[in-house]
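This is what each chain is made of:
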Amino acid sequence: MKRTTLYVVLGLVAVAAISLVVWRSRLAAPLEEEARFAVVERGTVLAAVSASGSVEPQARVGLAFEVPGRVAEVSVEMGDMVEAGDVLARLESEQLALQVHQAQAALASAEARLAQLRAGARPEEVAAAEANLCAVQAQVSAAAANRDQLEAGASDAQIAAVEAELASAMTQQKTAEDMHKMTMKCFTYYGMEICPALGDLETQARYGLNAADKALAAAQAGLDEVLAGADENQIRAARANVWAAAAQRDAAQARLDLALAGATDAQIAAVEAQVAQVRAALDIAELTLERAALYAPFDGVVAAVNVSVGQMVGSGLPAITLVDNSRFHVDVEVDEIDVAQLVEGQPVEVTLDALPDVVLSGTVERIAPAAMGAALTDAGMAASMGAGGSAPMDTGVIAPGVVSYDVTIVLDSTDAPVRAGMSANATVTVEEVTDALLIPTWLVRIDRHTGQTYVQRRVGGQTERVDIQLGVRGNGVVQVLSGLEEGDEVVLIQEKMIEVIREEMQ
């Protein structure tokens, strides 16, 4: 068992050794079967900046309700043409409208109070205040007289008057008593005995006597009270009545003075502040009601409708998308090497993947003042390079550390069926060079350590590295300023992996 294992191990070592020898021999030999080549020639190069992007409308906006609610109306469908100010959709707004009416009523009330303060009291109000003051002053006089009388006691005249009332009451009582006694006697009339006490006369006389007795008692009590004078409680009550009447008089006087003087600046300012506050509340209510509807901000076409009648929607969620397709533009990204060759106003040719037979014209409208992308990483560089580590055909030389700038190209009016979102390729011709040494751009390599551009030149069956200086590039070729001559054979070798292996072996 151990011997078998030993044979297996020795076999594996032998296979590995043979493979290493074959691999080293292939590494040292030229890789003719893997090479692509081209000959340096003279010709004309059109320096052009190419970039791709997508067609965008003049404006695109996602309209959203700014208040939540239930959708009451959707007035448009996808594809409808609308004009600025058209109502696209509405929410249920009865409660919002009621809030507007309430705020309007509150504002009208506040403005009326302010106008009244500024105008002052009306003549009718002044006359009413004066009459009220006179009435209250009369009450004060009456209360004061009553108080004084209680404090001073009854006068001789008052006593005489009360005594006279008592004497009169006594006389009336004596007369009523005599009348009642007469009704109690019986007498003969034409041979008949009559007793009035048994009839209505006696009853009436008895009632009259009873009333006279009470009147006499009241007159006697009045005389006793006058002669006795007021007690301390009555005097205190009379004094309190005077104070109360005086307070009412002062309040009436103050109201009259206020009506005559008008409102103060502070009072007017306070009511003005109330008016401003209520007006702000009305503005908010009206704005909230207005936001319950979506209006078209410009002429355009409805690109999407995301709500339906009866649906509950929240604020901020896109409900309808509107685009302005009266004018189109293409947004592209141009690297920092190419963007230096662009200026605003340059003519541009644009082709669309969806319309391959159509060439559109346009103009560079805007070039971003600052870069929008970061430098490419090694991984991103490798992804953008071809399988052999070179730049793909017709893309130019890609160098590490490239950043991009946003460029906006406005398309001229056209009858072509251009639609937003179509893929577009833009080309800007910036320079034309004739009688130049040219090689395909895919042959150019970049030293990742130094950034030097170079190619592999084939001489006598062997390849050598040649550093070169480049000029104008375009149409898949690049101008060689130095390092090569016409007729040189330049080779593209799949050397990226080989270089990595060599570095690991050193």
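Residues numbered from 1 in each chain as written. Predicted model: local features only at pLDDT ≥ 70, side-chain atom pairs only at ≥ 80, totals over all residues. Heavy atoms only, no water.

**Some words on the overall build of the protein chain**
In terms of helices and strands, the protein chain carries 10 helices and 21 strands. By residue count, 31% of the 506 residues in the protein chain fall in the buried class. Nonlocal contacts in the protein chain, meaning residues at least 24 apart in sequence, comprise 78% of its contacts between residues at least 6 apart. About 30,500 Å² of surface is accessible on the protein chain, with carbon and sulfur atoms providing 55% of the total. (Helix = DSSP H or I, 4+ residues; strand = E, 2+ residues; numbered from the N terminus. Buried < 20%, exposed > 50% of the residue type's maximum accessible area, 1.4 Å probe, protein only. Contact = heavy atoms within 4.5 Å. Areas by Shrake-Rupley, 256 points an atom, 1.4 Å probe, with all protein chains shown as cover.)

**Concerning unusual backbone geometry**
The residue Asp435 is not glycine, and still its phi comes out positive at about 50°. Positionally, Asp435 belongs in strand β15 (residues 423-440). Relative accessible area serves as the criterion here: at 55%, Asp435 is assigned to the exposed category.

**Looking at the sheet that holds strand β8 (residues 293-295)**
Taken in spatial order, the four strands of this open sheet run β8-β5-β3-β10, and their pairing is antiparallel. Each of the sheet's edge strands pairs with one partner strand only, and the pair in question is β8 and β10 (312-313). Bridge analysis of strand β3 (residues 69-74) against β10 gives two bridges, and the strand direction is antiparallel. Along β10, the bridge assignment pairs Arg70 with Met312. (Pairing = 2+ DSSP bridges.)

**Some words on the packing of aromatic side chains**
The tally for this structure, following the rule as stated, stands at zero aromatic pairs. Positioned over the ring face of Phe37 is Arg458, at 5.0 Å from the centre of the ring. (Phe/Tyr/Trp six-rings, centres within 6.5 Å; stacked < 30°, edge-to-face > 60°. Lys NZ or Arg CZ within 6 Å of the ring centre and 35° of its normal.)

**Focus: the nonpolar core**
Counting 27 residues, the largest nonpolar core has Val55, Val334, Val350, Leu352 and Val407 as its most contacted members. Secondary-structure elements contributing two or more residues to this core are β2 (41-64), β11 (318-335), β12 (347-352), β13 (355-367), β14 (404-411) and β15. Not counting residues within four places of it along the chain, the set of residues in contact with Val334 comprises Val49, Ala51, Val339, Leu342, Val403, Ser404, Tyr405 and Val407. With 20 residues, the next largest nonpolar core counts Leu63, Val67, Val76 and Val302 among its residues. (Core = buried A, V, L, I, M, F, W, Y, C linked by side-chain atoms within 4.5 Å.)

**Quick look at empty space enclosed by the protein**
Considering all chains together, one arrives at one cavity of 30 Å³ or more under this definition. Looking at the largest cavity, its volume works out to about 30 Å³. Lining the largest cavity we find Val49, Ser50, Ala51, Val332, Val334, Leu342, Ile409, Ala426 and Val428. Listing elements by their share of the lining of the largest cavity, those giving two or more residues are β2, β11 and β15. Here the element with the most residues in the lining of the largest cavity is β2; it accounts for three residues. (1 Å grid on protein atoms, 1.4 Å probe; cavity = no way out; pocket = protein on both sides within 12 Å on 5 of 7 lines; lining within 4 Å. Points joined across faces, edges and corners; volume = space filled by probe spheres on them.)

**Remarks on the confidence of the model for the protein chain**
Looking at the protein chain, the pLDDT average stands at 78 and 78% of residues meet or exceed 70. Predicted confidence is poor over residues 374-400, with pLDDT under 50, and the contacts of this stretch with residues over four places away or in other chains come to 48 contacts. This model gives residues 500-506 a pLDDT under 50, and the stretch forms seven contacts once residues within four places in sequence are excluded. (pLDDT = per-residue confidence, 0-100.)

**Focus: the packing of helix α2 (residues 94-119) against helix α7 (residues 265-290)**
Where α2 contacts α7, the axes come no closer than 8 Å and their chain directions differ by 160°. Accordingly, the angle class assigned to the pair α2 and α7 is roughly antiparallel. Handedness of the crossing formed by α2 with α7: left-handed. (Axes fitted to C-alpha atoms, helices over the stretch in contact; angles between N-to-C directions. Parallel < 35°, antiparallel > 145°, perpendicular 65-115°, else oblique. Left-handed = near helix turned anticlockwise from the far one by under 90°.)

**A closer look at α2**
Two residues of an α-helix separated by three or four positions point the same way, owing to the 3.6 residues in each turn. With 26 residues, α2 extends 38 Å from end C-alpha to end C-alpha; this agrees with the ideal 38 Å at 1.5 Å per step. Every buried residue of α2 is listed here: Leu96, Val100, Ala103, Leu107, Ala110 and Leu114. On the buried face of α2, the contacting elements are α7. (Expected span 1.5 Å × (residues − 1).)

**Quick word on the pattern of salt bridges**
In total, this model carries 14 salt bridges according to the counting rule given. Across the pair Arg42 and Glu486 runs a salt bridge, and its minimum N-O distance is 3.3 Å. Here Arg42, found in strand β2, pairs with Glu486, found in the loop between β20 (477-482) and β21 (489-492); they are 444 residues apart in sequence, far enough to count as distant. Judged by relative accessible area, which is 42%, Arg42 ranks as partly exposed. Arg458 is paired through a salt bridge with Glu489; the nearest N and O atoms lie 2.3 Å apart. Residue Arg458 is found in strand β17 (residues 453-459), and its partner Glu489 is found in strand β21; the two are separated by 31 residues along the sequence. The exposure class assigned to Glu489 is partly exposed, which follows from its relative accessible area of 24%. One connected set of salt bridges, linked through shared partners, spans Arg42, Asp435 and Glu486. (Salt bridge = Lys/Arg side-chain N within 4 Å of Asp/Glu carboxyl O.)

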